[in-house]
Amino acid sequence: MRIRDLFDRGQPVFSFEFFPPKTDVGEQKLLETVHRLKELEPSYVSVTKTGAKPAEKTVELTARLKHEVGIEAMSHMTCATAGREEMGRIFSLIRDAGIENVLPLRGDPPQDQPHFVRPPDGFRYATELIQFIRERDFGFCLAGAAYPEKHPEAASDEEDRQHLKEKVDAGSEFLITQMFYSNEHYFRFVASTRALGIDVPIVPGIMPITNVAQIERIAAMSGALIPQALQNDLNGVRNDNDAAEAIGVEFAVRQCRELLDGGAPGLHFYTLNKSPATSAILRQLRADRDAS
Ligand SMILES: Cc1cc2nc3c(=O)[nH]c(=O)nc-3n(C[C@H](O)[C@H](O)[C@H](O)COP(=O)(O)OP(=O)(O)OC[C@H]3O[C@@H](n4cnc5c(N)ncnc54)[C@H](O)[C@@H]3O)c2cc1C
């Protein structure tokens, strides 16, 4: 099923993101997590491409989630270190595995490389990768990454959004945002991208907080600001993950309610391969819906 079609059904599209575990034991545990989350009837799941691991890991796990667990699934795929021939081979693998949905990304430069360098015969931006996929006629439904608080490399919000327009014009059929903790960033972003003529669904990316040090690290890397009131609450539970998770779930439920009430077409959960926080949030949102 093409994920874009799910947005035409008049229901919020809920998705869960996972990364390929390092070991077979880790993969087994992840499959158990996904089986637990399946009870919440996600619209689809997605599997990241992590820098050091071969693309095959992403493709294999996406195919298992789709064919064995029975949930629609999307592969993320980066092109930061590969050329055209290699990317063509990977997209053929994805197609041959029966995967219909792909999130094409440029990816980050390797850690020892301060700035992005186009690989030989490769791509500079995700938009070029999307054009390549369309030219080769792989037939995928394509997503795209978007940044309400601006991509860290972009000189300005305006430039970043103009480049996002190029990405959508090249073929992204829906967008998933970077995580954020202040909804005003999302609502302002949606309004300004609509003004530019971007008319595809823009799904907020939600990362539930379960560990204070971890979320501070990830937020700093991605450029997501943590509002002061939330930061104050987190400062009080720095060494207590259970308490941090309780604060994180309560915050995310409020955040997600406001996003859905404000017209967000769905929610994409960065699960970090764990189920309890995402389950608690989604159960509460479903209870809201049933009560209304
Ligand atoms: C939903 C989501 C999922 C992600 N999944 C993964 C994953 O699985 N694996 C992973 O490694 N990373 C992932 N990332 C992170 C992503 O790879 C990084 O943020 C990366 O730095 C940018 O990738 P991109 O595809 O957004 O790049 P691009 O869209 O190419 O943008 C990168 C920068 O280039 C600028 N730009 C674009 N076009 C032009 C142009 N023509 N001229 C000048 N500047 C331009 C943009 O404004 C931006 O600053 C994900 C991010 C998101 C939001």
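Analysis parameters
Residues numbered from 1 in each chain as written. Predicted model: local features only at pLDDT ≥ 70, side-chain atom pairs only at ≥ 80, totals over all residues. Buried ≥ 20, exposed ≤ 12 C-beta atoms within 10 Å, placed from the backbone. Helix = DSSP H or I, 4+ residues; strand = E, 2+ residues; numbered from the N terminus. Pairing = 2+ DSSP bridges. Right-handed = clockwise from strand over helix to strand, strands pointing away. Expected span 1.5 Å × (residues − 1). Arc of directions from axis to C-beta. Contact = placed C-beta atoms within 7 Å. Axes fitted to C-alpha atoms, helices over the stretch in contact; angles between N-to-C directions. Parallel < 35°, antiparallel > 145°, perpendicular 65-115°, else oblique. Nonpolar A, V, L, I, M, F, W, Y, C, P; charged D, E, K, R; others polar. Near = placed C-beta within 6 Å.

Participant: Go over the pairing of strand E2 (residues 44-47), please, and point to the residues and values.
Facilitator: Side-chain alternation along E2 places Tyr44 and Ser46 on one buried face and Val45 and Val47 on a second face that is also buried. Bridge count for strand E1 (residues 13-18) against E2 is four bridges, and the pairing is parallel. For Glu17, the partnering residue across the bridge sits in E2 and is Ser46. With helix H2 (residues 24-38) bridging E1 and the parallel E2, this β-α-β connection has right-handed handedness. Direction of pairing for E2 relative to strand E3 (residues 73-78): parallel, over a ladder of three bridges. Paired with Val47 across the two strands is Ser75, which belongs to E3. Taking the sense of rotation as the criterion, the β-α-β connection linking E2, helix H3 (residues 55-69) and E3 turns out right-handed.

Participant: For helix H6 (residues 157-170), give the residues involved together with the corresponding values.
Facilitator: The end-to-end C-alpha separation of H6 is 20 Å, in line with the 20 Å expected for 14 residues at 1.5 Å each. Restricting attention to buried positions, one finds in H6 the residues Arg161, Leu164, Lys167, Val168 and Ala170. One side of H6 holds all its buried residues, which, seen down the axis, span an arc of 165 degrees. Those residues of H6 that are exposed and aimed more than 90 degrees away from the buried face are Glu158 and Gln162. Where H6 is buried, its residues contact helix H5 (126-136), strand E5 (141-146) and helix H7 (183-195). Count one or two residues on from H6 and you reach Gly171, which has phi positive near 145 degrees.

Participant: Residue-level account of the packing of H5 against H6, with values.
Facilitator: Close contact between H5 and H6 brings their axes to 9 Å; oriented N to C, the two are set at 10 degrees. What the angle tells us is that H5 and H6 run roughly parallel. Between H5 and H6, the residues in contact are Ala126, Thr127, Ile130, Gln131 and Arg134 and Glu166, Lys167 and Ala170, respectively. In the contact of H5 with H6, the residues fall into three nonpolar, two polar and three charged.

Participant: Now, about the environment of Ala82: what can you tell me, with residues and values included?
Facilitator: Mapped onto the secondary structure, Ala82 falls in the loop between E3 and helix H4 (84-96). Along the backbone, Ala82 and Tyr186 are 104 residues apart, and their C-alpha atoms lie at a distance of 32 Å. In contact with Ala82, not counting residues within four places along its chain, are Met87, Pro119 and Gly122.

Participant: Describe the site of the ligand, with residues and values.
Facilitator: Lining the immediate surroundings of the ligand are 24 residues, of which Thr48, His76, Ala126, Ala145 and His151 lie closest. Mapped onto the shell around the ligand, the elements with two or more residues apiece are E3, strand E4 (101-105), H5, H6 and strand E6 (174-179). Looking at the shell around the ligand, the element that brings in the most residues is H6, giving four residues. Its residues placed into classes, the shell around the ligand shows seven nonpolar, ten polar and seven charged.

Participant: Any details on the sheet that holds E1? Residues and values, ideally.
Facilitator: By definition, the strands of a sheet pair up through backbone hydrogen bonds, in either a parallel or an antiparallel sense. Reading around the circumference, E1-E2-E3-E4-E5-E6-E7-E8 is the order of the eight strands in this closed barrel, with parallel pairing throughout. In this sheet, neighbouring strand axes are inclined to one another by 25 degrees on average, regardless of whether the strands run parallel or antiparallel. Both E4 and E5 contribute to a ladder of two bridges, which runs parallel. Bridge assignment links Asn101 to a residue of E5, and that residue is Cys141.

Participant: Please set out the environment of Arg64 residue by residue, giving values where relevant.
Facilitator: Checked against the element boundaries, Arg64 lands in helix H3. Owing to 17 C-beta atoms within 10 Å, Arg64 belongs among the partly exposed residues under this scheme. Along the sequence, Arg64 and Leu31 sit 33 residues apart, while their C-alpha atoms lie 8.9 Å from each other.

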